[in-house]
Structures are given as C-alpha cells and as structure tokens.
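# Report on the structure
As a plain string of letters, each chain reads:
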Amino acid sequence: MEPSSSNTGFFQRLPVLENQFHDDVSYQRIAKLFVPTSILEKVTPEIEKLGEDVLSQQIFDWITDAEKNQPYLRGSGRDAFGRPKSELIVTEGWSKLQDFGLSQGFVAYNYDTNYGPYNRLIQFLRCHLWEASCANTLCPAAMQDGAARLLQRHLSKQKGLTRVQRQVLQNAYDHLISRDPSKAWTSGQWMTERTGGSDVSQTETVAVYDPYPESSPAPLASSPENVPLGPWSISGFKWFSSATDSQMTILLAKTKPGLGVSAFFAPMRRHNPSLVSITGQKGDGTELNGVTIQRLKSKFGTQSLPTAELELKGMRGWLIGEEGKGIQEISTILNITRVHSSVSSMGYLGRSIAVAKAYALVREIGVGKGKRTPLFKHPLHMRTLANTTVDYHGMMLLDFYTLYILGLDEHLSKYYQLPASGPTIALSPPPKHLISPLLRVLSSLHKAYICETTIPLVFGCMESLGGVGYLVNSESEHINLARIFRDACVGAIWEGTTDLLSSDTLRALKHPVAGKESLSALDWFVNDGLTLAKSASLGEKVREEWDTLKEKLEKESQEDLLPEARQITFRIAEILMAVLYLVDAQVNPGREIEAMSKRYLARRGFANIQQDKEDKSLGLDLAIVYGSKGVDEKMAKL
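The structure reproduced in this document is the subject of the present report. (Residues numbered from 1 in each chain as written. Predicted model: local features only at pLDDT ≥ 70, side-chain atom pairs only at ≥ 80, totals over all residues. Heavy atoms only, no water.)

### Side note on the overall build of the chain
- In terms of regular secondary structure, the chain is built from 22 helices and 15 strands.
- Taken against the 2.2 N^0.38 rule, which gives 26 Å for 638 residues, the C-alpha radius of gyration of the chain at 26 Å falls within 12% of a compact globule.
- Taking the principal axes of its C-alpha atoms as reference, the chain extends roughly 85 × 70 × 45 Å.
- Relative to its full complement of 638 residues, the chain shows a buried share of 56%.
- Partitioning the contacts of the chain with sequence separation of at least 6, the portion at a separation of at least 24 is 74%. (Helix = DSSP H or I, 4+ residues; strand = E, 2+ residues; numbered from the N terminus. Rg over C-alpha atoms; globule rule 2.2 N^0.38 Å. Buried < 20%, exposed > 50% of the residue type's maximum accessible area, 1.4 Å probe, protein only. Contact = heavy atoms within 4.5 Å.)

### Focus: the environment of Thr302
- Within the fold, Thr302 resides in the loop between β12 (291-296) and β13 (308-320).
- Residue classification places Thr302 among the buried residues on the basis of a relative accessible area of 4%.
- With 182 residues separating them in the primary sequence, Thr302 and Ile484 have C-alpha atoms 9.1 Å apart.
- For Thr302, the contacting residues outside a window of four places in its chain are Asn136, Asp487, Val490 and Trp494.

### Regarding the pattern of salt bridges
- Scanning all chains against the criterion turns up 40 salt bridges.
- Residues Arg571 and Glu574 are paired through a salt bridge, measuring 2.8 Å at the closest nitrogen-oxygen approach. A residue pair is termed a helical-turn pair when its members lie 3 or 4 positions apart in one helix, as Arg571 and Glu574 do in helix α19 (residues 565-587) at three residues. Here the two residues Arg571 and Glu574 agree in accessibility, since each one is buried.
- The network of salt bridges with common partners includes Asp391, Lys541, Glu545, Arg571, Glu574, Arg603 and Arg604. (Salt bridge = Lys/Arg side-chain N within 4 Å of Asp/Glu carboxyl O.)

### Some words on unusual backbone geometry
- Phi angles above zero are rare outside glycine, and Asn136 is one such case at about 75°.
- Examined against the element boundaries, Asn136 turns out to sit in the loop between α7 (119-130) and α8 (138-155).
- Unlike most non-glycine residues, Asn226 shows phi in positive territory, near 55°.
- Tracing the sequence through the fold places Asn226 in the loop between β5 (220-222) and β6 (227-228).

### Looking at the pairing of strand β14 (residues 364-368)
- Two elements, β14 and strand β15 (residues 371-374), share four bridges in a ladder whose sense is antiparallel. Bridged to Glu364 within β15 is Pro374.
- The turn linking β14 back onto β15 is made up of two residues, and Lys369 within it adopts a positive phi angle of 55°. (Pairing = 2+ DSSP bridges.)

### Structural notes on α19
- Taking 1.5 Å as the rise per residue, α19 with 23 residues should run 33 Å; its terminal C-alpha atoms sit 33 Å apart, in good agreement.
- Among the 23 residues in α19, 19 count as buried, and that is most of the element. (Expected span 1.5 Å × (residues − 1).)

### Some remarks on the environment of Asn480
- Along the chain, Asn480 turns up in the loop between α13 (467-470) and α14 (481-488).
- Here Asn480 is in contact with Leu471, Val472, Asn473 and Ser474, once residues within four sequence places are set aside.
- In terms of polar contacts, Asn480 uses its side chain to reach the side chain of Glu477, at 2.9 Å.
- At 3.2 Å, the side chain of Asn480 forms a polar contact with the backbone nitrogen of Arg483. (Polar contact = N/O pair within 3.5 Å; in protein donor to acceptor, adjacent residues only side chain to side chain.)

By themselves, these are just geometric observations and shouldn't be taken as functional.
Structural data, given as structure tokens:
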C-alpha cells in the first residue's frame, strides 16, 4: 500500500454543470406551461445561449473577484488632507458582471421587446439563469426595473407633468432601459431609516420646496444632456442603501407635518463647473448630489454589493406624483422588486439543485462491508433530492404564475382582450376585473412563501455535498454553494420580511372594499384551476381546504386573524401550488409530473395517497431529479 500525499492518491472528480436551460426539468416545464409555443420557439435560441454564457469561466472569475475584493470608500471617506470625500470603489469583477447584465438587457427586455403580456415571463426566465452567477448585480437591476416601471407609468399620462419635468423623467427612463453599459443607469430605492425598514411612517427625511430663481437658469444635473436639478431640497439620513453605486434613486421624504411621505426622483451626481481636476482642468466636474456616504455595511451575505448609510444634505430632486402619496408611488416599485426577490431565490435554488445532482453523478460513498456506490444510486440521497425538486417545482409554478399575472396587469389597456387573441397558453387568463386584485394579494404572498422556504432547501443542497459544501469554494466557483446560501438568506428580509408580507397579505384580503375583490380573485383561480385540472378526486381536498380558509377570512376580523397571518399566507400559497401542480400534470402529462403532483399533495396534507412500489422506486426519484431520460445520458457525457 502506498500512502497518499498532497499530490498523490485519490482526488475527487469535479462536478460538471450543464446548461440549466436544458438540464433544469422544472425550468423546461415552466416555459412550456406559461409561454405560448410560437413565442417560445422564437426566444429559445437566445435563452439557450445565455444559459451557456452564465456558466463561463470568465463569469466565475468575475464572481470570485467581486467577492474577494469588496467595495470600499477610498481613504475611508476623506482625502489626504482630511477633507470629506465620498468616493466609492468597486472591483473590476463587479463592474464587469454589471456591464454583462446591462448589455444582455435583463431589465431592458421588458421595455424594448414586443411580446406584450409575455415580456415579463421571458424576462424572468432569462433572469432565473443569471441569478446565481450575477454576484448580486441583479439587486440594483431590480430597483432599476422598478424605477423604470414607475417613470413609464407617469410618462404615459398626458397630463400632470410640466415640459421640464417630462424632459427630466424621460431622460432618466431612457438611461434605465438602455442596453449600452456606458449609458445605462441602475437605481437606488431609499426607504429604510433608523426608525424602521419597510415601515416608513416615522421617516425623518424632509423635503422642502425651494425652486431656483427664475431670473437665472437652474443648475444642471448633467451638462452634456442639459438636464436641470430639481426644485426640491432633500435632507435626512438613509440607514440602508443597497445600490450605492447607482446613478439615480427613488426616495421617500416628508414635506409637511401630518402629511404622509412623498416620493422623489433624484440623480446621484450633479454638475459643478468650479471643480478642479488633479491636472488643473476646470469646467466639466461632477460631484455627489448632496449625498455623503457615511459608511459601508458589513453583511453576512451579498458581500459584493455596496450597501451604505447615506447622509443627505440639500439633495436636489423632483416630486413623483402628489405630495403625501409616496406609498402609492413606491408600491409600483415594490411590486417589481418583490418578484425580482422571489426569482432570485428560485435562481439560487435551481443552481443549488444543479450542483447537488451534478455532484451525485461523480461522488461515491461506502454502504457497508467494503461496498461502494455512486451517490445517485443511493435511495435515501435521491429521495431527499427528489423531495427538494418537488418543492422547487411547486414554487416555480407559483413564481411564474405571479409573473404571468404581472404581465397581464401591465398590459391591461393595450394588449389584454377577452376573448384572448393571438398566441395563448393552456391556463385561462382571469376575468379582466380580477387581474389587479389577484396581483395585489400575490405580490406579498408569493414573495413571503418563496423567499422563506428557499433558505433551508438551499442549505440542504449545500449539505448534500458534505464537508466540501460548507467550504467557500472560490477556487472552484461553480460549486460554491456556501456563497449562494449566504446570499439566499437575504431574500426573506429585504423588500419586506416574511411576517411583514404575511401581514400585508392579510391586510389585502381584509380591506373593506378591495379585500372582497382579492378574495374573489383567489376563489376564481382555485375553481377555474381545478376545473382545468380535471382531477376531481385529487382536487377535492384542495377545494375543501380553500372553502374552509375562505370562510374563516370572511367571518373573522383582521385583528383576530393577525397572529395567524403567516400560517394563513403559507396555506394559501400551498393551495395555489397544489392547483398549479394539478394543472401542470393535466396540460403536460407524464409519469414524473404525475408522481410529483401526488407527492406534493400528500406531503402538504391535501391527499392521503397510497403509493405503490413503483411510486417509491429509486428509478422514479432519478427521473424526477434528472428527467425522463434518467442518468444514463448524463453519465455518457462524463
């Protein structure tokens, strides 16, 4: 026997990640269920290539650089002589990943592509593949998307904006939807203060209307584009800014005592012709627009992302909408950033499952008496991965159904007609009057459930690699599940914690007027879905559960229901996923999806299904995890 050494003996073969566009069975089913065939055929070549690109060694090298060389303030925020100087430095890896994302149009896709209500679905099918490779650059992109949607909504109105306001907002919108990294902007979304996170009622930031004299031109935000600064002067302290390197922000501030918060647009920088460069040049200088970066946050995860405390002193901005109506304005952004959060969680989980199943193909373990077996032939290991896959697919169904409804809601006037014309899918669109009420409840509900439930599942994938899964594998970045787990944890916190979103869900359902509409929309969904599923026996318990829960929501007060808000929210989510599972199994039937559907219903208490030997076989678990062709084709590639 020869002893091993640092360079001799056994070395574990590295797992091989395949293009998730093909390898992720759930992803393929989702695309076929929600996107019309005619559209899917057109976009498939581009998304297929994207699936390859996001797994390139160059991308993983940029991720490693972004994680190892984290953002910092040059000189800790001061120059050599002690003058305050808020100069944020980000790594080349971060910048390159952000440029890649902008050039690929992960945000722009929804605004410069003409697939109508299906734009959102295709946009987020693309984002799903990018999430685990983007090193958090999709965080500022999410706020970029939300800001673009908010400005688009205001610019589409014929009245309400002056000529100058329209010029300023149009300029910002054009930057937000650009695919040219040298021109494209990302956006901040400054709500959180020391008084509270998503609770903005105690906001201490104050905006004062202080227009420049008409006798002289207003100072400029951008000299080359001749864009003036706004008439509002904003001062305060923002406790948590997650897009500190963005070129603009949407922020909340108070304008009058007793009036609610208002929303403002502000550029991050302004023109200052008096600034002198280090070579003595004068005239073209820019500086932060009344912003001081107090310090950068040290975080458990999302470490590549520059998150800061910001002091505002005379930041110039423009009012968005009406004074005191900032919550209504920011809700437009939240609808977008919350779906970005849930898609991010699904992207992390999808990649984690991909790594776990790739590892199972190359790793062997002992099973007693000197015998060894590949992990993919170990019944318990594969049952665990199969159960994770079942949960993953259920949440993918809920996530992309929410995106389907978001797309319909954004195109109510221009594209939505009954009966539907043009390309359609098997799922029935809701009656027009129920689309917005359905989105109102799905927005909080889906994010609460998905982002919370994802975390232990990602950890389970990390655990499935054993000790190597716990390591920060930056030298083999493609299997670095420790990084993905850390980053996935934030999903249940930002854009509203699980409890806050559960409270929002309950509030939406108990609203004196709109609550009845949202409840009716959910009732329509359950009944229409179960009718489409054509599975009376499996759907009976689901319908009973919904009817019982609906009655409870109708009869009991919001105050009495509040302690159960999380339980209620999660149960509604599980009812929706059960219906979608039954619909998916009906529309695209097959042994694997039918077994997954039955397992999901049984594990969630919707059915007492007696499984036969085949239903519990290793072969079926392999088919659920690796697809109908099992592992033979994959092993042949290794």
